[in-house]
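# Summary of structural features
Residue-level listing of the chains:
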Amino acid sequence: MYLLFFYVNMFLVMIMKKFISIFLTLTVLLLSFSVSAFANDPVTLSIQNEKVYAGDTFTVNVFISDNSQVSGAVIDINYDKNMLEFVSAKEGGILDTKANISIRNIKNDKSYVRFTYMSGSSAIDSEGILFTVTFKALETAKGKTNLEITVPNPADFVNSSLEKLEYKTENAEIVVLDNISIETTESTTAETTTNEEKTEATETETNEPIITIGAEDNDKDNTKTLLIVLLLVGVALILIGTAFVIKKKK
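Residues numbered from 1 in each chain as written. Predicted model: local features only at pLDDT ≥ 70, side-chain atom pairs only at ≥ 80, totals over all residues. Heavy atoms only, no water.

### A closer look at the confidence of the model for the protein
The condition that has to hold: The predictor rates its confidence in each residue with pLDDT, a number between 0 and 100. We call two residues in contact whenever any of their non-hydrogen atoms come within 4.5 Å of each other.
Taken over all residues, the pLDDT of the protein has a mean of 77, while the share at 70 or more is 61%. Per-residue pLDDT stays below 50 along residues 30–39; that stretch engages in one contact with residues further than four places along the chain or on separate chains. Under a pLDDT of 50 for its full length, residues 209–213 has, in the predicted model, two contacts with residues more than four places off or in other chains.

### Some points on the sheet that holds strand E3 (residues 57–64)
In a beta sheet, neighbouring strands pair by backbone hydrogen bonds and run either parallel or antiparallel. As a reminder, the rule being used: For two strands to count as paired, DSSP must find a minimum of two bridges between them. Going along the chain from the N terminus, every DSSP run of H or I of four or more residues is numbered as a helix, and every run of E of two or more is numbered as a strand. Here an angle of 0 to 180 degrees is reported between the N-to-C directions of two axes, which are lines fitted to C-alpha atoms, with helices fitted over the stretch in contact.
Strand order across the open sheet formed by five strands is E5-E8-E3-E1-E11, with mixed pairing between neighbours. Either end of the sheet is taken by a strand with one partner, and the two such strands are strand E5 (84–91) and strand E11 (167–170). Within this sheet the neighbouring strands show an average axis-to-axis angle of 20°, counted without direction. Looking at chain direction, E3 and strand E8 (residues 128–137) are connected through eight bridges and run antiparallel. Residue Val62 lies in a different strand from E8, and its bridge partner there is Phe131.

### A look at the environment of Phe135
Structurally, Phe135 is set in strand E8. As for Phe135 and Asp56, which are separated by 79 residues in sequence, their C-alpha atoms are 8.5 Å apart. Those residues in contact with Phe135, other than ones at most four positions away along the chain, are Asp56, Thr57, Phe58, Val60, Tyr79, Leu84, Glu85, Phe86, Val87, Val113 and Leu147.

### Considerations on the packing of aromatic side chains
As a reminder, the rule being used: Any pair of Phe, Tyr and Trp rings, taking the six-membered ring for Trp, is counted once the centres come within 6.5 Å. Such a pair is stacked with planes under 30 degrees apart, edge-to-face with planes over 60 apart, and tilted for the rest. Working definition: with a 1.4 Å probe on protein chains only, accessible area under 20% of the residue-type maximum means buried, over 50% means exposed, and in between means partly exposed.
Summed over the entire model, instances satisfying the criterion amount to five aromatic pairs. Taking the centre distance of 4.5 Å and the plane angle of 10° together, the rings of Phe115 and Phe131 count as stacked. With Phe115 in strand E7 (residues 111–118) and Phe131 in strand E8, this pair connects stretches of sequence that are 16 residues apart. Exposure class is identical for Phe115 and Phe131. Each is buried. A network of ring pairs unites the aromatic residues Phe58, Tyr79 and Phe135 as a single cluster.

The structure is reproduced here in structure tokens:
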């Protein structure tokens, strides 16, 4: 009986050890898969769309996703120099202040703002604004233009181990409205309002009752006047005739 209990106990211990071993192995595999999947997600670089008027100054933000682990990067923001003019740029608050950071405007055959970041062993591990760029829409600008994000060399977008990082970009569309359209719209609106007011005034006047004296009314008045005159003449004749008769009798 004692031996049977001993062997059963040993058998259960072996099963438990096997179960624990399998559980730990599966846990490590799942963690490895999760880390690998997270690491393979491309880093997202994006800019928001804007709608501005010709002559306006506006600022766009260049965002980065929270899984980047970027330690070194060279990023260009390409723009159309025939529609936009570079004003200024500034680094974002999520960057390591000890890193080497530069933002400069380059204007030749192509026009672009180049952002350079080198932080050594530290890396960007939070979502936020990499840098901001302020542009001015030219007075002659009209229509749509794009702000395009590019990494000129994939080797310039790396983590702290100098391994190249996968990335994707979400570019911005800038719509520039001209001031002539604004003035025309305001003028058209003012004319429409004036016309509506005139229409309302005309309708108000039309709705007021209008009294018209027709020919029939005039005939009735003339008839009454004639009857009164004839009655007065008749009374006068009666009075004269009566006076004549009384005088003759005397």
